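Understanding the architecture of this molecule
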Amino acid sequence: QVQLVESGGGLVQAGGSLRLFCAASGRTLSFSAYAMGWFRQAPGKEREFVAAVSWGGGSIYYADSVKGRFTISRDNAKNTVALQMNSLKPEDTAVYYCAAGRRTTTQPVGYDSWGQGTQVTVSS
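The structure reproduced in this document is the subject of the present report. (Residues numbered from 1 in each chain as written. Predicted model: local features only at pLDDT ≥ 70, side-chain atom pairs only at ≥ 80, totals over all residues. Heavy atoms only, no water.)

**Quick notes on the sheet that holds strand β8 (residues 80-85)**
- Across the sheet, 4 strands lie side by side as β1-β3-β8-β7; this open sheet has antiparallel pairing. Because the sheet does not close on itself, it has two edges, and the strands there are β1 (3-7) and β7 (70-75). The sheet shows a mean angle of 15° between the axes of neighbouring strands, taken without regard to direction. (Pairing = 2+ DSSP bridges. Helix = DSSP H or I, 4+ residues; strand = E, 2+ residues; numbered from the N terminus. Axes fitted to C-alpha atoms, helices over the stretch in contact; angles between N-to-C directions.)

**What about the packing of aromatic side chains?**
- Tallied over the full model, the rule gives 4 aromatic pairs.
- Between the aromatic rings of phenylalanine 39 and tryptophan 114, the centroid separation amounts to 5.1 Å while the plane-to-plane angle is 55°, which identifies the pairing as tilted. Placement of the pair is phenylalanine 39 in strand β4 (residues 35-41) and tryptophan 114 in strand β10 (residues 113-114), with a sequence separation of 75 residues.
- Looking at phenylalanine 39, the relative accessible area reads 0%, which means it is buried.
- Residue tryptophan 114 is classed as partly exposed on the basis of its relative accessible area, which comes to 26%.
- Considering the side-chain rings of tyrosine 111 and tryptophan 114, the 6.3 Å spacing of their centres and the 70° angle between planes classify their relative orientation as edge-to-face.
- By way of ring pairs, the aromatic residues Phe39, Phe49, Tyr111 and Trp114 are connected into one cluster.
- Sitting above the plane of the tyrosine 34 ring, arginine 102 keeps its charged end 4.3 Å from the centroid. (Phe/Tyr/Trp six-rings, centres within 6.5 Å; stacked < 30°, edge-to-face > 60°. Buried < 20%, exposed > 50% of the residue type's maximum accessible area, 1.4 Å probe, protein only. Lys NZ or Arg CZ within 6 Å of the ring centre and 35° of its normal.)

Quick look at the structure:
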């Protein structure tokens, strides 16, 4: 089991930027064996896919709504994954979750471990 802890959320004005981090840990962690994803959930809405990166970083996927504004990256030496969010919009407001899984997918069911989430609020 992988333990994930997100950080970096906060309140930002529309057009601003935030960088989210997710740190992975575990007694027998092989971080580089996991695909990593970011998802978000706004109040009253279902959890939705934001971005994903394969174990080696060779495959990256984005939701259409964030393409060109968000960038996912990972550092296997530090067991971390980041989400750089630029040109933020009020509709980006949500709790953002980091997830780890055995395959790179846009579907939440494909991920086995989840963080507790970090709140991102974008004011207009």
